[in-house]
Amino acid sequence: MKNTALSHIHEALGAKMVPFAGYNMPVQYEGVNIEHEIVRTGVGVFDVSHMGEFHLKGENALALIQKIGSNDTSKIVVGQAQYSCMPNNDGGIVDDLIIYRIAEEEYMLVVNASNIEKDWNWITQHNDLGVEMENKSEDYSLLAIQGPKAAEAMQSLTDIDLVTMKYYTFEIGQFAGVNNVIVSATGYTGSGGFEIYFKNDDAETIWNEVFKAGAAFNIKPIGLAARDTLRLEMGYCLYGNDINDTTSPIEAGLGWITKFTKDFVNAEALKKQKEHGPEKRLIAFELDERGIPRQDYDIVDSEGKKIGVVTSGTMSPSLGKGIGLGYVPTIFKDVGSKIYIQIRKKQIPATVVKLPFYKK
């Protein structure tokens, strides 16, 4: 199992460590609900250095990204980032990713930790355009500094204006005395903040400076368990749960990142699916009674017939009720539709709701 450049610090802080995507990762420190609340109201720091970073360079870099990605990356300029996914040839998704335009002919692709090798092979297989590709996943660390107080807490560490930085933009500059740090107004929590990319050698320095600067704001380290509850309250898809090799972006409600203004892998089939409407859809639901919906629990109709499965579920720390995502036949997708979640021997009633679950 691999360690991040900061695993020893998490262990020293008493974090509960678990294997995740081949890495030794902190799942929680003080407890999920406490950590969740810190990010919703203050500022918390996630070590997400297990994520993958690929650099693509050359005059055909954009053409390659346009071919493998569902979104239209020609729309972003240097200093902007974009959420996208890579469809496969069978109607599913290879992975979802964030694309950063570093320079006119240079991009950084940030991919899920569990898919690094698969994604690299997939992109390489489609690279008949002579694009220079470099897998820098082992060289980079990544901290997600998230929460409404993130900009204020971190401003003393950089000349980059964090307060006015627009969502899904980034700057490369000095941070905590370290040069060439990518400071990005992105995140997976729905509470604002930044993701910062830097070389592993600088990880400990940056970690220590971040906690010094944030001390007055009660900054805390946050584990992967709270990252999951935070993203689920926003309805953000998690690869391996809500999207995978067999779910299409149209079924997953990711039509907004699927642009048919250009050609890409499996575009024709996905376009047809969009026109005809998919047979199943990813829906969000809240339980009407007490209970916790878990991944792989059956979703049933009023007669107890199985109609789908929960892909992500939890007891929402912010709402104090059971929430989840799952795939059901399209006739059940409308807001207000009644479904039931099979929790052990009970069928708990639930209502289909509009995302996000958590509204500020």
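Above this note sits the structure.
Residues numbered from 1 in each chain as written. Predicted model: local features only at pLDDT ≥ 70, side-chain atom pairs only at ≥ 80, totals over all residues. Heavy atoms only, no water.

Chemist: Can you help me understand the overall build of the chain in this one?
Modeler: Each helix and strand counted, the chain has 8 helices and 20 strands in total. A compact globule built from 360 residues would reach a C-alpha radius of gyration of about 21 Å, and the chain, at 21 Å, matches this within 12%. For the chain, the C-alpha atoms occupy an extent of roughly 60 × 50 × 40 Å along the three principal directions. When burial is assessed residue by residue, the chain has 58% of its 360 residues classed as buried. (Helix = DSSP H or I, 4+ residues; strand = E, 2+ residues; numbered from the N terminus. Rg over C-alpha atoms; globule rule 2.2 N^0.38 Å. Buried < 20%, exposed > 50% of the residue type's maximum accessible area, 1.4 Å probe, protein only.)

Chemist: Looking at this model, I keep getting lost on the sheet that holds strand β19 (residues 338-343). Mind explaining?
Modeler: Picture the strands of a sheet paired through backbone hydrogen bonds; they go either parallel or antiparallel. What the 6 strands build is a closed barrel, ordered β15-β18-β17-β16-β19-β20; its pairing is antiparallel. Across the sheet, the mean angle from the axis of one strand to that of its neighbour is 45°, orientation sign disregarded. (Pairing = 2+ DSSP bridges. Axes fitted to C-alpha atoms, helices over the stretch in contact; angles between N-to-C directions.)

Chemist: Please explain the sheet that holds strand β4 (residues 44-47) as it appears in this structure.
Modeler: As summarised here, the arrangement of the 6 strands in space is β11-β12-β13-β10-β4-β14, forming an open sheet in which the pairing is mixed. Of all the strands in the sheet, just β11 (170-175) and β14 (220-221) have a single pairing partner and so form its edges. Sheet topology places β11 next to strand β12 (residues 178-184); 5 bridges connect them, and they run antiparallel. Its bridge partner being in β12, Gly173 is matched across the sheet by Val181.

Chemist: I would appreciate a short explanation of the side chain of Asp242 in the present structure.
Modeler: Topologically, Asp242 is positioned in the loop between α7 (224-234) and α8 (267-276). Within the structure, the side chain of Asp242 is placed 2.8 Å from the side chain of Ser312, a separation counted as a polar contact. Residue contacts for Asp242: discarding those within four places in its chain leaves Arg231, Tyr236, Cys237, Thr247, Leu282, Thr311, Ser312, Leu325 and Tyr327. (Polar contact = N/O pair within 3.5 Å; in protein donor to acceptor, adjacent residues only side chain to side chain. Contact = heavy atoms within 4.5 Å.)

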